[in-house]
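# Coordinate inspection notes
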Amino acid sequence: MTKQEWKNKTVVTEFILLGFRNGPELDSLLFLMFLSIYIVTITGNIFIIVLVVANRHLHTPMYFFLGNLACLEICYSSNILPRMLLSYLGGDRSISVNGCFTQYYFFGCLGVAECYLLTVMSYDRYLAVCKPLHYPSHMNGKLCLQLGAASWISGFLANSILTFLISNLDFCGPNEIDHFFCDSFPMIKLSCSDSHVVGLVTSVVAGVCSLPPFLLTFSSYLYIIVTVMRIPSATGRKKAFSTCSSHLIVVILFYWSILTVYVLPHHDTQVSPNKVFSVFYTILTPLVNPLIYSLRNKEVKEALRKQ
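Residues numbered from 1 in each chain as written. Predicted model: local features only at pLDDT ≥ 70, side-chain atom pairs only at ≥ 80, totals over all residues. Heavy atoms only, no water.

Quick note on the threshold: UniProt positions are given in the numbering used here, feature names are shortened, and annotations may be inferred rather than shown by experiment.
Within an unreviewed UniProt entry, the label attached to the chain reads Olfactory receptor, and the organism entered is Pygoscelis papua. In the Sequence similarities (unreviewed entry) part of its UniProt record, the chain is described as follows: "Belongs to the G-protein coupled receptor 1 family."

Below is the structure:
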């Protein structure tokens, strides 16, 4: 774009989040649905945190990481759902440019942190199932703190680079984001400056932050499955696999939706399906985490009965 063309453009000061492009008649229904999801998500994850902190029998590495995951899911949902609820309640779908960058920053940070945290949890289950005799010495309190802190810090450092690059792009044309929250590629698509480098860097960073954790998580569960299948008795196999089945369900839901949205080729015809799949890792995964861990975990049930 030449300088003269730039002068003839109006600098964008706010974006419009188009959401699901539903009619006004559905706003009330969607508001009630997402409000219910948000309340259950926050209540369920707070319940997990309180239960883990209050019950001494749950002061183990597995539940330490579960408490971190519950805290992360609270932040994750609170970064997206309240803004969406306001748009359905008042009909105002606008968000300031700085507000959009802020939402994207925390979304990306928490998303990367969850990738690493799920990997740490899979490593914890790998040690517990495949190396039970060495588990107490390997997964000690100091290592748990280091792995938990590394997951959070890595997420916030990784997305700082992308947020800085995207925030330095010029936005002077269309300001409608075809999504229900501020994500990188929909924002980059609206830029009126050359965004090829930023798009490439975004893809590379996203790949580096998601592919290695996915491969490590996959490898951990591969070893777990092989080890479990070698157990002679069916009862023993069932007992061993029950210790990691809950986490496996969460991992499948999370990575299935992430890979569907960010790995498949992007075409205009895929925008709506991508928004639908985005609901899984931004809204539904934080919702089902406390349900999965509380309903499918015997130790949590026993802790509840003792309360």
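Structure shown, so let's carry the discussion forward.
### Considerations on the sheet that holds strand E1 (residues 14-17)
The cut-off we apply is this: Strands are labelled as partners when DSSP assigns at least two bridges between them. Segments assigned H or I by DSSP are reported as helices when at least four residues long, segments assigned E as strands when at least two residues long, and all are numbered from the N terminus. Residue contacts are defined here by distance: any two heavy atoms, one from each residue, within 4.5 Å place the two residues in contact. Axis lines are fitted to C-alpha atoms, over the contacting stretch for helices. Their N-to-C directions set the angle, which ranges from 0 to 180 degrees.
Taken in spatial order, the 3 strands make up an open sheet running E2-E1-E3, and their pairing is mixed. A strand with exactly one partner marks an edge of an open sheet, and here the two such strands are strand E2 (94-96) and strand E3 (176-177). As paired elements, E1 and E2 share 3 bridges and run antiparallel to each other. If you follow Glu14 over to E2, its bridge partner there is Ser96. Most of the contacts of helix H4 (residues 97-130) go to E2, to which it runs at about 85°, and overall it touches E1, E2 and E3.

### Digging into the nonpolar core
Stated precisely, the cut-off is as follows: Nonpolar cores were defined as sets of buried Ala, Val, Leu, Ile, Met, Phe, Trp, Tyr and Cys residues, with membership established by side-chain atoms within 4.5 Å. Three labels apply to residues, based on accessible area from a 1.4 Å probe with only protein chains included: buried if under 20% of the type maximum, exposed if over 50%, partly exposed otherwise in between.
Among the nonpolar cores identified, the biggest contains 69 residues, and Phe15 and Phe34 are the most heavily contacted of them. Among the elements that line this core, the one with the most residues is H4, at 16 residues. Not counting residues within four places of it along the chain, the set of residues in contact with Phe34 comprises Phe20, Leu81, Met84, Leu85, Tyr88 and Ile283. Judged by nonpolar contacts, the second largest core, of 8 residues, contains Ile48, Leu51, Val52 and Leu58.

### As for the UniProt feature "transmembrane region" (unreviewed entry) in the chain
Under the present numbering, the feature "transmembrane region" (unreviewed entry) in UniProt falls on residues 29-54, 61-81, 101-123, 143-166, 204-228, 240-264 and 276-295. Within residues 61-81, the helical portion is 100% and the strand portion 0%, while the C-alpha atoms at the span's ends are 30 Å from each other. End-to-end, the C-alpha atoms of residues 143-166 are 35 Å apart, and along that stretch the chain is 100% helix and 0% strand.

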